[in-house]
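Inside the fold
Here's the letter readout for the chains.
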Amino acid sequence: MRAKNSLKIAVGNYSLVFKNLLYKITLFVIFALLLGLILRLALQPFIDQLRPVFASVYELIKAIVSGDAHETAITALKDSVSAFFKHLSNNIGGIVWMIIIIVVFAFVYRFLTGVSDCTLMILVNDHMAELAPRSYIGVMIENLKKILVYQLIDTVSALIWTALTCLLTWGVFTLLALVTPLLSLFGALLIIILSSSLYNTVFSQVMANVLLGNHKTVKQALKEGFSFKKEYFWQMFVAYLTVIIILVYLHVSVTLFTFGVGELLLIPFASLLVVCMKTVDYYTICKKKYFIDYDTIIIPKELRENDENLLSNVDI
């Protein structure tokens, strides 16, 4: 029911998809250009060393096809490959720096893209609380301090979680590959989906408490966010697991049948849907009533005085 309500709220706020899309596309273009320029300058010496390798491969293939003696081409290929690996061994420091640059860019990019998702949660909260439309940019600027605080927590946690997930996924993949390659792919994908579902479940109320709660300190928000009841935990985990599996299927289908064009809408809509789920969970756990639209309001059982007249005292 909560996933269904979240979907209705997301559809009712569909205009936020395009605002989220514009923000993330702008950010992606800026980061892609900067990272591309930096890597191009850093990789240029390696590219220069690779050119003789490709040239030698071409000459070897040409010699084989034409029926000429290709011993000279083989020798040239060995020499060029040896020179390339020698260049790599002499420039380990440069390789390490490239990896560090990529990790830093990933950290900053994850940090800044999440700002939009935090803004969406606050806007969705305004809709659910009082059907109040507000400015996307205005809300982002007004709540920038607590958004940045949460994003710092989330980005660091997500990077650590991702690193652990990658190690676990690689271990499962390697182990199952000894049995059958198909089973190893299934196991790896299963680990990734379960990890993503668990992360969203664990950090769902942390995000809501920091951004929407009236806590005096971040420590209080974190403590309450991590200490919800077990029954809510499993309900949330199953809901996130179901939605993530559906989203994975949609992402694969859209990529195959639209050559990736459909991702322009699916990615920001998926972000909005997950944000709506987290906000609905927050209202459910806090036992607060909320609007889906002008004609529908959800009232927790604890707040119902008369089950036969749920809307009798509600002004819509």
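Note that the structure is a prediction, hence the values are computed from the model and not measured.

Calculation notes
Residues numbered from 1 in each chain as written. Predicted model: local features only at pLDDT ≥ 70, side-chain atom pairs only at ≥ 80, totals over all residues. Heavy atoms only, no water. Helix = DSSP H or I, 4+ residues; strand = E, 2+ residues; numbered from the N terminus. Rg over C-alpha atoms; globule rule 2.2 N^0.38 Å. Buried < 20%, exposed > 50% of the residue type's maximum accessible area, 1.4 Å probe, protein only. Areas by Shrake-Rupley, 256 points an atom, 1.4 Å probe, with all protein chains shown as cover. Expected span 1.5 Å × (residues − 1). Salt bridge = Lys/Arg side-chain N within 4 Å of Asp/Glu carboxyl O. Patch = residues over 30% accessible without salt bridge, like charges linked within 9 Å, V, L, I, M, F, W, Y side chains within 5 Å. Contact = heavy atoms within 4.5 Å. Core = buried A, V, L, I, M, F, W, Y, C linked by side-chain atoms within 4.5 Å. Pairing = 2+ DSSP bridges. pLDDT = per-residue confidence, 0-100. Polar contact = N/O pair within 3.5 Å; in protein donor to acceptor, adjacent residues only side chain to side chain. Phe/Tyr/Trp six-rings, centres within 6.5 Å; stacked < 30°, edge-to-face > 60°. Axes fitted to C-alpha atoms, helices over the stretch in contact; angles between N-to-C directions. Parallel < 35°, antiparallel > 145°, perpendicular 65-115°, else oblique. Left-handed = near helix turned anticlockwise from the far one by under 90°. Nonpolar A, V, L, I, M, F, W, Y, C, P; charged D, E, K, R; others polar.

Turning to the overall build of the chain, a few remarks are in order. What the chain contains, in helices and strands, is 10 helices and two strands. Starting at the N terminus, the α and β elements of the chain follow one another as α-α-α-α-α-α-α-α-α-α-β-β. Scaling as 2.2 N^0.38, a compact globule of 316 residues should have a C-alpha radius of gyration of about 20 Å, whereas the chain reaches 26 Å, well beyond that. For the chain, the proportion of its 316 residues judged to be buried stands at 37%. Per element, the accessible surface of the chain, about 19,000 Å² overall, is 71% carbon and sulfur.

With that out of the way, let us pick up helix H10 (residues 263-285). The end-to-end C-alpha separation of H10 is 32 Å, in line with the 33 Å expected for 23 residues at 1.5 Å each. Among the 23 residues of H10, 19 are classified as buried, and the element is accordingly described as predominantly covered. Directly after H10, the chain includes Lys287, whose backbone phi takes a positive value near 55 degrees.

The tally for this structure, following the rule as stated, stands at five salt bridges. For Asp154, the salt bridge is made with Arg110, and the minimal N-O distance between the two is 2.7 Å. Separated by 44 residues along the polypeptide, Asp154 in helix H6 (residues 144-177) and Arg110 in helix H4 (residues 92-130) bring together distant segments of the chain. Residues joined in a network through salt bridges with shared partners are Asp126, Arg134 and Glu142.

Time to look at a nonpolar patch on the surface. A contiguous nonpolar patch, built from Leu175, Leu178, Val179, Leu183, Phe186, Leu190 and Leu194 and spanning about 710 Å² of accessible area, is present on the exposed surface. If you tally residues by element for the nonpolar patch, the top one is helix H7 (residues 181-212), at four residues. Tracing the chain through its elements places Leu183 in helix H7. You can call Leu183 partly exposed: its relative accessible area is 34%.

What follows is about H6. A rise of 1.5 Å per residue sets the reference length of H6, with its 34 residues, at 50 Å; its end C-alpha atoms lie 47 Å apart and thus fit the reference within 8%. For H6, every residue scored as buried is listed here: Ile147, Tyr150, Gln151, Asp154, Thr155, Ala158, Thr165 and Thr169. At its buried positions, H6 is contacted by H4, helix H5 (136-142) and H7.

Within the secondary structure layout, Ser184 lies in helix H7. Discounting residues that sit within four places of it in the chain, Ser184 has contacts with Phe173, Leu176 and Ala177.

One finds Ile9, Val124, Leu211 and Leu272 to be the most contacted residues of the largest nonpolar core, which totals 48 residues. Counting residues per element, this core draws most heavily on H10, which supplies 12 residues. Residues in contact with Leu211, not counting those within four places in the same chain, are Cys118, Met121, Ile122, Lys146, Ile147 and Tyr150. In this structure, Phe46, Val53, Leu60 and Leu88 belong to the second largest nonpolar core, which totals nine residues.

A separate point is the pairing of strand E1 (residues 290-293). Consecutive side chains along a regular strand alternate between the two faces of the sheet. Where E1 and strand E2 (residues 296-298) come together, three bridges link them in antiparallel fashion. Across the sheet, Asp293 pairs through a bridge with Thr296, a residue of E2.

Quick look at the confidence of the model for the chain now. Here the chain averages 85 in pLDDT, and 93% of its residues register 70 or above. At the low end of the mean pLDDT range in the chain sits helix H3 (residues 71-90), at 75; at the high end sits H5, at 94.

Relative to the helices and strands, Asn143 is located in the loop between H5 and H6. The class for Asn143 is buried, based on a relative accessible area of 10%. Separated by 2.9 Å, the side chain of Asn143 and the backbone oxygen of Val139 make a polar contact.

This next bit is on the packing of aromatic side chains. With the rule as written, the count across this model stands at 12 aromatic pairs. Seen in terms of ring centroids, Tyr14 and Phe18 are 5.5 Å apart; in terms of plane orientation they differ by 80 degrees. Their pairing is edge-to-face. Overall, Tyr14 belongs to the partly exposed group, its relative accessible area being 33%. Note on Phe31 and Phe105: the rings are 5.8 Å apart at their centroids and 80 degrees apart in plane angle, and the pair reads as edge-to-face. Within this pair, whereas Phe31 is found in helix H2 (residues 15-66), its partner Phe105 is found in helix H4, the two being separated by 74 residues in sequence.

H7 packs onto H6 with a crossing angle of 165 degrees between their chain directions and a minimal axis gap of 9 Å. One finds that H6 runs roughly antiparallel with respect to H7. The hand of the H6/H7 crossing is right-handed. Within the contact of H6 with H7, the residues separate by chemical class into 21 nonpolar, six polar and two charged.

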